[in-house]
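Chain and residue survey
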Amino acid sequence: MRVFLSLFSITIFLAIPKLTLAETIQIEFTDQDSYSIEVALIEAGDTIEWLPTNEGHNVEFLAGPQLNTLSRKSEINALFSVIFKNPGVYLYHCTPHGNMGMLGLIVVDNDFHNLESVQKVQLSRVSDSVLKRLIRIAQSKTKS
Ligand SMILES: [Cu+2]
């Protein structure tokens, strides 16, 4: 009985931090036509909130695992909130400024399994070099 009880309390102890760890990360639209956080490394279950702190921007997903389970595109100037449940790499841009390099990358659970499909997305030259920079940042943050 005693063994059973301590196993039980260990289980509870391990379960509680998991429940409370889900975080909300806020990303702002800036007056530089960019996102305040370009590379976000998060865990499954975390929420990202994009705040319309500067006018004329939105969020449109270009690649990611099981994108059909997400709201694909937000309205211009609207708050947008997404819970990320599937591990992998997500690429998004701002519909009006995507060709100018207004991109963002999210990596859930340090999982790069779909990186190749992210790299295959057709982008402008400027945005393609931005994407390469963001991937380098994501990979260097993950290795440490
Ligand atoms: Cu924009």
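Our subject is the structure that appears above.
All of the points below concern the structure found in this document. (Residues numbered from 1 in each chain as written. Predicted model: local features only at pLDDT ≥ 70, side-chain atom pairs only at ≥ 80, totals over all residues.)

**Observations concerning the nonpolar core**
- Leu-91, Leu-105, Ile-106 and Leu-134 are the most contacted members of the largest nonpolar core, which has 25 residues in total.
- Among the secondary structure elements, those contributing two or more residues to this core are strand 3 (47–51), strand 6 (88–93), strand 7 (103–108) and helix 3 (125–143).
- Residue contacts for Ile-106: discarding those within four places in its chain leaves Ala-40, Ile-42, Ile-48, Phe-84 and Tyr-90. (Core = buried A, V, L, I, M, F, W, Y, C linked by C-beta atoms within 7 Å. Buried ≥ 20, exposed ≤ 12 C-beta atoms within 10 Å, placed from the backbone. Helix = DSSP H or I, 4+ residues; strand = E, 2+ residues; numbered from the N terminus. Contact = placed C-beta atoms within 7 Å.)

**Side note on the pairing of strand 6**
- Of all six residues that make up strand 6, six are buried, and the element is covered over most of its length.
- Two elements, strand 4 (residues 60–63) and strand 6, share three bridges in a ladder whose sense is antiparallel. Looking at the pairing, Phe-61 lines up with Tyr-92 of strand 6.
- Of the pairings in the sheet, the one linking strand 6 to strand 7 comprises six bridges and is antiparallel in character. Paired with Gly-88 across the strands is Val-108, a residue of strand 7. (Pairing = 2+ DSSP bridges.)

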